[in-house]
There are 2 protein chains.
Amino acid sequence: MTTTGQRRSPRRTEALSRERIVGASVELLDAAGEGGLTFRALSERLATGPGAIYHHVANKDELLGAAVEAVVIEAVGAPGAQGTPEDAIRAVATGLFDAADAHPWLAPQLAGRIARSQWGTVVPRLFESLGRQIRALGAPEGAWFTATSALLHYILGAAGQNATNTEKAHALGPDTDRAEFLDAVSTAWERLDPDDYPFTRAVADQMRGHDDREQFLAGVDLMLAGIASLPPSGGTAT
Amino acid sequence: MTTTGQRRSPRRTEALSRERIVGASVELLDAAGEGGLTFRALSERLATGPGAIYHHVANKDELLGAAVEAVVIEAVGAPGAQGTPEDAIRAVATGLFDAADAHPWLAPQLAGRIARSQWGTVVPRLFESLGRQIRALGAPEGAWFTATSALLHYILGAAGQNATNTEKAHALGPDTDRAEFLDAVSTAWERLDPDDYPFTRAVADQMRGHDDREQFLAGVDLMLAGIASLPPSGGTAT
DNA sequence: ACCTGAACACCGTTCAAGT
DNA sequence: ACCTGAACACCGTTCAAGT
């Protein structure tokens, strides 16, 4: 009957909750990569035993999925995008691009989950927000599904690749920046066998000195151009 | 080089080799999924101890990478494609599509490896064979890299998704075929909240009764249309 | 109801010892 | 050089026991 709330207050500093567990998981993943997320490391960080976590989360796969969702939802947020459909699509794309860059474990995780159709709530969300804009763009109805999933696959794939470039550049040493790393990659490409890899060699120089974000958005625009070029209706004849 | 040679024949049924190990790994992955590949299960199948494998393979990650490569190389094979560049691209695409369908672990593995830039020898190979055709298509040089990686990301993403559909359909029971499974998915989509998911609901009906391979190739054609619509040169202005 | 933490059934990997 | 297989240092997960 003392103090403010007179319900027996928890003695522990903070009660365990799914939210707190997911938050700590994201921190662990950011700090130590995918291998860093362990029920033991997690329970130590939360000052409990490993078994306690199972009261809030079914298993590790669900926990990883929840971490993915938390990060993606924070990144793309509310649909409140203004401007043209193209702008709205670019906003979703850059949101994922930046999130993948900030959380290097994100893109491989998300790509793997999509490939396994473990969609959770986040894939339908992304699909929906991209698809609405494709519809607004006036794409023929028969192409909606194809165009939306092509766009989503590209965004995730390219965002992930960029994130890994960042990571590998850092791994080469704190002084090494992206440009230096990309230069190393394109030099390696230029050393490929001219008979087996003529195209890759020809393209190697394009990697050098190109802004990744710009390259990424050029890819998005390429897809938009493809969509815009579709005949106005009934593409999927049978 | 078979038994004919009279060099002291090994007493064991067959000497261990990287090739045999990779072959057994693919069998294990096909039979029991990604979790089925274990150094213990593998060594049992090969009638050795787990330690023996390390004489031919550095670690599990390399082993998985080798399994991916073996399957992909068998699928897309030699570049000897004839016909138009479009046909050659479709040949690579359907090769990967079928391989992903036959080996459900392939697409998630490959997607994850690309996202982590663990390219091995197979990603450059795919990149090269797709890129050559994009060049042959007359795409502007500034778009080669972007167009090729967009195409590769789409192919892997969509092929993986299809493979999972096959798997999940089988999991529902041997009698359940794809059409039945896709029907269940689109019914679920139609039950989504009309306020939050208007687009996904609108698209749900398209899933029903559509041939997956056809849908997949429609996506490839969409990308080709985007590439064809590019201005003839110097797209990447700065 | 929630938490504890020892215990279980596995892993990948190593390494002395064999041939 | 190649193989053996016990041993090591981990995992995710469970579960009796506590509060």
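Since the model is a prediction, treat every value here as computed from it, not as a measurement. Position numbers for residues count from 1 along each chain, tracking the sequence in the order it is written. Lettering of chains starts at A and numbering of ligands starts at 1, both following the order in which they are written. Only residues with pLDDT of at least 70 get local features here, since the model is predicted, and only at 80 or more are side-chain atom pairs given and counted; chain-wide, interface and lining totals rely on the full set of residues. With hydrogens and water excluded, all non-hydrogen atoms of the structure serve as input to the side-chain values.

*Asks:* For the packing of aromatic side chains, give the residues involved together with the corresponding values.
*Replies:* Two rings belonging to Phe, Tyr or Trp (six-membered ring only in the last case) form a pair when the distance between their centres is within 6.5 Å. Interplanar angles under 30 degrees mark stacking, angles over 60 mark edge-to-face geometry, and anything in between is tilted. Using the criterion set out here, one finds 18 aromatic pairs over all chains in the structure. Ring centres of Y154(A) and F216(A) lie 6.0 Å apart, and the angle between their planes is 15°; this geometry places the pair in the stacked category. Taken together, the residues span a long stretch of sequence, with Y154(A) in helix 8 (residues 144–171) and F216(A) in helix 11 (residues 212–228) at a distance of 62 residues. Each member of the pair, Y154(A) together with F216(A), is buried. Judged by centre distance (5.8 Å) and plane angle (35°), the ring pair of W189(A) and W119(B) falls under tilted. Separated into two different chains, W189(A) in helix 9 (residues 178–190) and W119(B) in the loop between helix 6 (106–115) and helix 7 (122–136) make up a pair that spans both. An aromatic cluster is present here, built from W119(A), F127(A), W144(A), F145(A), W189(B) and F199(B) joined pairwise through their rings. The positively charged end of R135(A) is found above the aromatic ring belonging to W144(A), 6.0 Å away from the centroid. Going along the chain from the N terminus, every DSSP run of H or I of four or more residues is numbered as a helix, and every run of E of two or more is numbered as a strand. Throughout this description, buried means an accessible area under 20% of the type-specific maximum (1.4 Å probe, protein chains only), exposed means over 50%, and partly exposed covers the range between. By the criterion adopted, a ring carries a charge over it if an Arg CZ or a Lys NZ lies within 6 Å of its centre and within 35 degrees of its normal.

*Asks:* Give me the protein's contact with DNA strand C: which residues, what numbers.
*Replies:* Near is defined per residue: the residue qualifies when any heavy atom it owns lies within 4 Å of the molecule or strand. Within the structure, DNA strand C sits among 18 residues, and T48(A), H55(A), H56(A), R40(B) and K60(B) are positioned closest to it. Each atom of DNA strand C within 4 Å of the protein was classed as base or backbone; sugar and phosphate made up 42%. Residues adjacent in sequence count toward polar contacts only when both atoms are side-chain atoms; beyond that, a polar contact is any pair of N or O atoms within 3.5 Å, and within protein one must be able to donate a hydrogen and the other to accept it. Between DNA strand C and the protein, one listed contact pairs a phosphate oxygen with a backbone N or O atom of L16(A) at 3.3 Å. Here a phosphate oxygen of DNA strand C and a side-chain polar atom of H56(A) are 3.4 Å apart. Looking at the surface near DNA strand C, the elements that each hand over two or more residues are helix 3 (50–53) of chain A together with helix 2 (39–45) of chain B. Considering each element in turn, the surface near DNA strand C owes the most residues, 3 residues, to helix 3 of chain A.

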